[in-house]
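Summary of the model geometry
The lines below spell out each chain.
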Amino acid sequence: MVRVNSGAFEGCPTPIYIIEEKKLRDNLRLIAEVASRSDVEIILAFKAFALWKVFPIFREYIHSTTASSYCEARLAFEEFGTPAHTYSPAYIDEEIEEMARMSSHLTFNSLSQYERFAEKAKSANPSVSLGIRVNPEYSEIKTPLYDPCATGSRFGVTAEKLPSTLPPYIDGFHCHCHCESGADTLQRTLAHIEDKFGRWLPYLKWLNLGGGHLMTRKGYDTSLLIELMKGLHERYPLLHIVLEPGSAFVWRTGPLVAQVVDVVEDKGIRTAILNVSFTCHMPDCLEMPYLPTVRGAECCEEAVAVRDEYVYRLGGNSCLSGDFMGYWCFKHPLKSGDSIIFEDMIHYTTVKTTMFNGISHPAIGMLRMDGKMEILRQYGYEDYKNRMD
């Protein structure tokens with residue numbers, strides 16, 4: 001371990017994702033408090049964050065996780081130490097029994113998947129609780145790529161397709177239709193869920209309201225969330241409520257630190273080429289899309305780029321032509337070796353990085369409470385080569 005300057009993270013290898021333990025624990029404490037006050041179970045969704053080396057910290061505050069594949073279910077079972085709440089859009093014959101053995105809850109995406117695999121799942125693990133994903137046909141998500149309730153959605157069963165009496169073994173419903181949403185969105189969503197599925201809810205053991213509940217974001221109305229959950233308990237006293245956010249656990253818990261390796265210019269547009277890639281290391285920036293916050297710089301309009309000497313477009317180091325983003329106004333000219341710190345880069349990054357073009361993943365570090373940096377993982381040629389086996 002080495003002591004680093006948390007303002008500039010000088011002395012760290014770059015590029016590197018840095019998780020700040022204090023900020024992580026602050027989030028975990030808030031989530032644990034909400035869970036306790038609202039009498040709900042809040043669990044970690046691996047699709048947003050699955051760095052198993054920090055699971056010991058998570059286990060101090062939460063007791064379970066959610067998986068969407070065989071590998072995630074196995075990670076939950078072996079590394080987190082508890083069976084997973086598992087949902088997959090489509091299970092396959094070769095994996096269903098093992099996934100059932102590693103799960104406490106197993107949700108089917110369709111009635112046909114239930115009919116095909118329910119008996120196998122219960123035979124493999126008689127204690128596993130089975131559920132169906134439902135589609136309330138309502139979502140306030142503006143980005144089509146992330147909207148699970150869009151017309152023609154492949155996710156979940158609509159109310160009109162459910163039988164009046166649920167099939168045997170069905171203990172719960174799973175519903176996911178939020179993305180970095182507030183409690184007010186959940187309030188409106190619950191009205192649709194109860195309108196569509198209220199006749200079944202009194203007969204269920206559990207209701208999983210999925211992820212996207214960004215309760216650790218500044219300004220999120222946690223009091224309203226707690227009030228909504230208490231209201232559900234009053235209306236359905238036998239219903240166990242589960243929330244499975246991903247981003248909320250690691251929201252604003254650390255940056256991606258990169259370096260400038262070159263500056264090029266064409267038609268008055270200066271591009272600082274970095275030792276990271278948007279397509280490889282920050283894919284949501286291109287998919288969402290959104291402009292990340294860069295420490296010490298401000299986003300600006302394209303027109304400014306040709307007249308302000310300290311305005312740069314930031315470019316990745318892959319061969320993809322579109323591996324660049326926006327314009328940022330800096331307080332000084334950029335040169336090779338300068339640090340570029342992308343804020344809030346822990347959720348949906350390490351789980352989605354690729355080695356396209358043979359570009360290595362950034363290292364992963366933990367800034368401990370005592371100010372010392374622990375390098376959890378570094379990557380090299382063998383990691384790339386083994387992906388091609």
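Residues numbered from 1 in each chain as written. Predicted model: local features only at pLDDT ≥ 70, side-chain atom pairs only at ≥ 80, totals over all residues. Heavy atoms only, no water.

A few words on the overall build of the protein. A tally of helices and strands in the protein yields eleven helices and 19 strands. Scaling as 2.2 N^0.38, a compact globule of 389 residues should have a C-alpha radius of gyration of about 21 Å, and the protein matches this with 23 Å. Projected onto its principal axes, the C-alpha coordinates of the protein cover approximately 70 × 40 × 40 Å. Per-residue burial over the protein gives 53% buried out of 389 residues. By sequence separation, contacts in the protein at least 24 residues apart represent 70% of the contacts at least 6 residues apart. About 17,800 Å² of surface is accessible on the protein, with carbon and sulfur atoms providing 49% of the total. If you average the places of the 40 positive and of the 50 negative side-chain charges in the protein, the two averages end up 2 Å apart. (Helix = DSSP H or I, 4+ residues; strand = E, 2+ residues; numbered from the N terminus. Rg over C-alpha atoms; globule rule 2.2 N^0.38 Å. Buried < 20%, exposed > 50% of the residue type's maximum accessible area, 1.4 Å probe, protein only. Contact = heavy atoms within 4.5 Å. Areas by Shrake-Rupley, 256 points an atom, 1.4 Å probe, with all protein chains shown as cover. Lys, Arg positive; Asp, Glu negative; His and termini not counted. Charge placed at Lys NZ, Arg CZ, Asp CG, Glu CD.)

Below, the discussion takes up a nonpolar patch on the surface. On the surface, a nonpolar cluster with roughly 240 Å² of combined accessible area is contributed by Leu286, Leu320 and Phe356. Relative accessible area serves as the criterion here: at 33%, Leu286 is assigned to the partly exposed category. (Patch = residues over 30% accessible without salt bridge, like charges linked within 9 Å, V, L, I, M, F, W, Y side chains within 5 Å. Salt bridge = Lys/Arg side-chain N within 4 Å of Asp/Glu carboxyl O.)

It is possible for side chains of opposite charge to pair when their charged atoms get near one another. Considering all chains together, one arrives at 23 salt bridges under this definition. The partner of Glu343 in a salt bridge is Arg295, with the nearest N and O atoms 2.7 Å apart. Taken together, the positions of Glu343 in the loop between strand E17 (339-342) and strand E18 (363-367) and Arg295 in the loop between helix H10 (283-287) and strand E14 (298-299) put the pair 48 residues apart, joining distant regions of the chain. Given the relative accessible area of 29%, Arg295 is considered partly exposed. With its nearest N and O atoms 3.1 Å apart, the salt bridge here joins Asp383 to Arg377. For Arg377, a relative accessible area of 32% translates into the label partly exposed. Among the charged side chains, a salt-bridge network with shared partners connects Glu21, Arg25, Glu60, Arg368 and Glu374.

In summary, the side chains of a regular strand alternate between the two faces of the sheet. In terms of burial, strand E2 (residues 16-20) is a largely internal element, five of the five residues being buried. Here E2 shows a buried face lined by Ile16, Ile18 and Glu20 and a second buried face lined by Tyr17 and Ile19. Relative to strand E12 (residues 256-266), E2 runs antiparallel, the two sharing two bridges. Counterpart to Tyr17 in the pairing with E12 is Leu256. (Pairing = 2+ DSSP bridges.)

A separate point is the environment of Leu28. Along the chain, Leu28 turns up in helix H1 (residues 21-38). Contact partners of Leu28, with chain neighbours within four places excluded, come to Ile57, Phe58, Tyr61 and Phe249.

This part is about the side chain of Glu21. As for its placement among the helices and strands, Glu21 is situated in helix H1. Among all residues touching Glu21, those that are not within four sequence positions of it are Ile57, Met366, Leu367, Arg368 and Met369.

Our next topic: the packing of aromatic side chains. With the rule as written, the count across this model stands at eleven aromatic pairs. Measuring from centroid to centroid gives 6.4 Å for Phe173 and Trp200, while their planes differ by 65°, and the two rings are edge-to-face. Here Trp200 lies in the loop between helix H6 (183-197) and strand E10 (206-208) and Phe173 lies in strand E9 (residues 170-174), a separation of 27 residues in the sequence. By relative accessible area, which is 2% here, Trp200 ends up buried. By the ring-pair criterion, three or more aromatic residues cluster together here, those being Phe46, Phe55 and Phe80. The lysine or arginine in question, Arg59, covers the ring of Phe80, its NZ or CZ lying 5.9 Å from the ring centre. The ring centre of Phe324 lies 4.0 Å from the NZ or CZ of Arg313, which sits over that ring. (Phe/Tyr/Trp six-rings, centres within 6.5 Å; stacked < 30°, edge-to-face > 60°. Lys NZ or Arg CZ within 6 Å of the ring centre and 35° of its normal.)

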